[in-house]
Amino acid sequence: MEINFVTGKGGVGKSAVAAALALRRARAGFRTILVELGDQSYFRDYLDLKEVQYRPQAIKIGGVQFDLAQWSGQECLKDYALHILKIESLYRLFFENAVSRALVNVAPALPELSILGKITSGPPRNVGPKLPYDVIVVDAYASGHFMALLNAPAGLAAAVKFGPMGEQVRSIDSVLHDQEICHFYVVTLPEELPVVEGLELAHNINKRLQIKPKLLLNRCLFFEEELLTELEQENSAADHLPSFSKYLLELNLRQRLMQDRLLKSGYSTETLPWVLSFDTKNVLEKLSQELKI
Ligand SMILES: Nc1ncnc2c1ncn2[C@@H]1O[C@H](COP(=O)(O)OP(=O)(O)O)[C@@H](O)[C@H]1O
Ligand SMILES: [Mg+2]
């Protein structure tokens, strides 16, 4: 079992990278599921689907099939509770009333814990309904919200020391700490702010779990030496004008600076190209080929 969490600042390409990674694993023959967190599906529009639900559905990109699902805290909790209570009417008695619903919504970290419980419910924990996958790729929350997700078990473990609930929480936390199972990817862009925020997030994950995330510098447009020389010549010929070639040269330089900063950070770093296509499936195909993970 392999669980991959893809996180980063908003808009840096988390969803695209997560889908590309799922595609890559599925192509290699692994039973793979791509999981979106939260209440609204991004992939519904992105992949032009009718709906994305809690129950996984098979999708196909370039002839390769994998499952896609969207998991919210409420649904993960219901799934688990139903598995234990077995009977829907019993579930409703306990959970589908105003009091317990309010409780579930305000109980700190319970939605986050339910999501992590579901994600980690396969081997080695083997709890709840079967999760028949070799690989889970989680298109996870952005920076701060992601840390709240990771911190949920530790907070609850401190509060619930004993009993089955405490045991569950601790077993979830131990899977999160297992580097053989859990892998973390922080996506960033070759720009100042996303890089600073990406590095901070990577430090926080490392501090929390003692696992070093991998940094993915997304949407880079590096030029060949030949083109750079050409641009430089063009630029010096027109240095009285704010030329496009000058812009491209600066872009290239800035990307290199950001790449250097990531490489020096001590985290393993990978660069992904800016795929110049409006066809989203093309973007995913190309990124899945470029990924080295
Ligand atoms: N390497 C890339 N090349 C081209 N387009 C990309 C790349 N990475 C992301 N995109 C596009 O940028 C947009 C934002 O990416 P998205 O994955 O939605 O970011 P996030 O999930 O972090 O908010 C999407 O339209 C996506 O297709
Ligand atoms: Mg997204």
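As a starting point, this report considers the structure included with it. (Residues numbered from 1 in each chain as written. Chains lettered and ligands numbered in written order. Predicted model: local features only at pLDDT ≥ 70, side-chain atom pairs only at ≥ 80, totals over all residues. Heavy atoms only, no water.)

1. Brief notes about the overall build of the protein
Line of reasoning, step 1. What the protein contains, in helices and strands, is twelve helices and eight strands.
Line of reasoning, step 2. Structurally, the protein occupies a C-alpha span of about 80 × 40 × 35 Å along its principal axes.
Line of reasoning, step 3. Among the 293 residues that make up the protein, the fraction classed as buried is 49%.
Line of reasoning, step 4. Counting contacts in the protein only where the partners sit at least 6 residues apart, residues at least 24 apart contribute 72% of the total.
Line of reasoning, step 5. Of the accessible surface of the protein, which amounts to about 15,000 Å², a share of 55% is contributed by carbon and sulfur atoms.
Line of reasoning, step 6. Positive and negative side-chain charges in the protein, numbering 32 and 35 respectively, have mean positions lying 7 Å apart. (Helix = DSSP H or I, 4+ residues; strand = E, 2+ residues; numbered from the N terminus. Buried < 20%, exposed > 50% of the residue type's maximum accessible area, 1.4 Å probe, protein only. Contact = heavy atoms within 4.5 Å. Areas by Shrake-Rupley, 256 points an atom, 1.4 Å probe, with all protein chains shown as cover. Lys, Arg positive; Asp, Glu negative; His and termini not counted. Charge placed at Lys NZ, Arg CZ, Asp CG, Glu CD.)

2. Describing the environment of Gln233
Line of reasoning, step 1. With respect to the helices, strands and loops of the structure, Gln233 is situated in helix H10 (residues 225-237).
Line of reasoning, step 2. Each C-alpha atom of the pair Gln233 and Ser245 lies 9.2 Å from the other, and the pair is twelve residues apart in sequence.

3. A look at the packing of helix H1 (residues 14-27) against helix H12 (residues 280-290)
Line of reasoning, step 1. Two elements in contact, H1 and H12, have axes whose closest approach is 8 Å; the angle formed by their N-to-C orientations is 65°. Comparing the axis directions of H1 and H12 gives the class roughly perpendicular. Both H1 and H12 take part in a crossing whose hand is right-handed. Only Leu284, Glu285, Leu287, Ser288 and Gln289 of H12 make contact with H1, whose side of the interface consists of Ala16, Ala19, Ala20, Leu23, Arg24 and Arg27. (Axes fitted to C-alpha atoms, helices over the stretch in contact; angles between N-to-C directions. Parallel < 35°, antiparallel > 145°, perpendicular 65-115°, else oblique. Left-handed = near helix turned anticlockwise from the far one by under 90°.)

4. Structural notes on the sheet that holds strand S1 (residues 2-8)
Line of reasoning, step 1. If you walk across this open sheet you meet the eight strands as S3-S4-S2-S5-S1-S6-S7-S8, and the pairing is mixed. Looking along the sheet, the strands with just one partner apiece sit at the ends: strand S3 (57-61) and strand S8 (269-273). Here the average twist between neighbouring strands, direction ignored, is 25°.
Line of reasoning, step 2. Looking at chain direction, strand S2 (residues 32-37) and strand S5 (residues 135-139) are connected through five bridges and run parallel. Looking at the pairing, Val35 lines up with Val138 of S5. (Pairing = 2+ DSSP bridges.)

5. Remarks on the pattern of salt bridges
Line of reasoning, step 1. Tallied over the full model, the rule gives ten salt bridges.
Line of reasoning, step 2. Across the salt bridge formed by Glu270 and Lys214, the nearest N and O atoms sit 3.2 Å from each other. Of this pair, Glu270 sits in strand S8 while Lys214 sits in strand S7 (residues 214-220), and the two are 56 residues apart along the sequence.
Line of reasoning, step 3. Take Glu270: its relative accessible area is 4%, and that puts it in the buried class. (Salt bridge = Lys/Arg side-chain N within 4 Å of Asp/Glu carboxyl O.)

6. Comments concerning a negative patch on the surface
Line of reasoning, step 1. Taken together, the side chains of Glu224, Glu225, Glu226, Glu230, Glu232 and Glu234 make up a negatively charged region of the molecular surface.
Line of reasoning, step 2. Relative to the elements of secondary structure, Glu234 occurs in helix H10.
Line of reasoning, step 3. Take Glu234: its relative accessible area is 47%, and that puts it in the partly exposed class. (Patch = residues over 30% accessible without salt bridge, like charges linked within 9 Å, V, L, I, M, F, W, Y side chains within 5 Å.)

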